[in-house]
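Each chain, letter by letter, is given below.
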Amino acid sequence: DDWPITQRRDFIQGYLGDLEDIKLTKRRETVCISEIAFELFNESDLKAFEARDYHKIMRSVKGWTRKTTKSRTAYGRQPIYERVDKRQVKGGNTE
């Protein structure tokens, strides 16, 4: 979370070279659509119709729920998805 967004993207994409001294595991508890698009797919100029597709996917993923309010992220004020306690998940997204 302390890295700039371009360094986070490069880490996920495998462009940082020797990563021996970097702790590589951190469980994400929140994520926003812009973060997924940029860091995983290198899409920096996300259009509204593309964002809808990402939201549709996130709504179908077990264990994640969309918060009702927007939060400040490295990508500005964004709707975010939170990881949900496994005991609360039954057959799909809790939204």
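Placed above this text is the structure.
J.: So what about the overall build of the protein chain? Which residues, and what values?
T.: Along the backbone of the protein chain there are three helices and three strands. From first element to last, N terminus to C terminus, the protein chain shows the α and β order α-β-α-α-β-β. Split into buried and exposed, the 95 residues of the protein chain put 31% on the buried side. Within the protein chain, contacts between residues at least 6 apart in sequence are counted, and of these 55% link residues at least 24 apart. When the accessible surface of the protein chain is totalled, it reaches about 7,000 Å², and 48% of it is carbon and sulfur.

J.: How would you sum up the packing of helix α2 (residues 33-41) against helix α3 (residues 48-60)? Please name residues and give values.
T.: Two elements in contact, α2 and α3, have axes separated by 10 Å at closest approach and are oriented at 100°. Considered as vectors, α2 and α3 are oriented roughly perpendicular to each other. Contacts between α2 and α3 involve Ile33, Ile36, Ala37 and Phe41 on the former and, on the latter, Ala51, Tyr54, His55 and Met58. Of the residues belonging to the contact of α2 with α3, the class tally is seven nonpolar, one polar and no charged.

J.: I'd like a description of α3, backed by residues and values.
T.: Three or four residues apart is the spacing at which side chains of an α-helix point the same way, because the helix has 3.6 residues per turn. If you check α3, its first and last C-alpha atoms are 19 Å apart, about what 13 residues at 1.5 Å a residue would give, namely 18 Å. As for α3, its buried residues are in contact with β1 (30-32), α2, β2 (64-73) and β3 (76-83).

J.: Go over the sheet that holds β1 with me, naming the residues and quoting the values.
T.: Read across the open sheet, the three strands follow the order β1-β3-β2; overall the sheet is antiparallel. Among the strands making up the open sheet, the edge pair consists of β1 and β2. Averaged over all neighbouring strand pairs, the angle between strand axes comes to 40°, with direction disregarded. As defined by bridge partners, β1 adjoins β3 across three bridges and the pair is classed as antiparallel. Across the sheet, residue Cys32 finds its bridge partner in β3, namely Ile80.

J.: For the pairing of β2, give the residues involved together with the corresponding values.
T.: Examined bridge by bridge, β2 and β3 share seven bridges and lie antiparallel to one another. Its bridge partner being in β3, Arg72 is matched across the sheet by Arg77. The antiparallel pairing of β2 with β3 creates a hairpin that spans two residues between the two strands.

The rules behind each value
Residues numbered from 1 in each chain as written. Predicted model: local features only at pLDDT ≥ 70, side-chain atom pairs only at ≥ 80, totals over all residues. Heavy atoms only, no water. Helix = DSSP H or I, 4+ residues; strand = E, 2+ residues; numbered from the N terminus. Buried < 20%, exposed > 50% of the residue type's maximum accessible area, 1.4 Å probe, protein only. Contact = heavy atoms within 4.5 Å. Areas by Shrake-Rupley, 256 points an atom, 1.4 Å probe, with all protein chains shown as cover. Axes fitted to C-alpha atoms, helices over the stretch in contact; angles between N-to-C directions. Parallel < 35°, antiparallel > 145°, perpendicular 65-115°, else oblique. Nonpolar A, V, L, I, M, F, W, Y, C, P; charged D, E, K, R; others polar. Expected span 1.5 Å × (residues − 1). Pairing = 2+ DSSP bridges.

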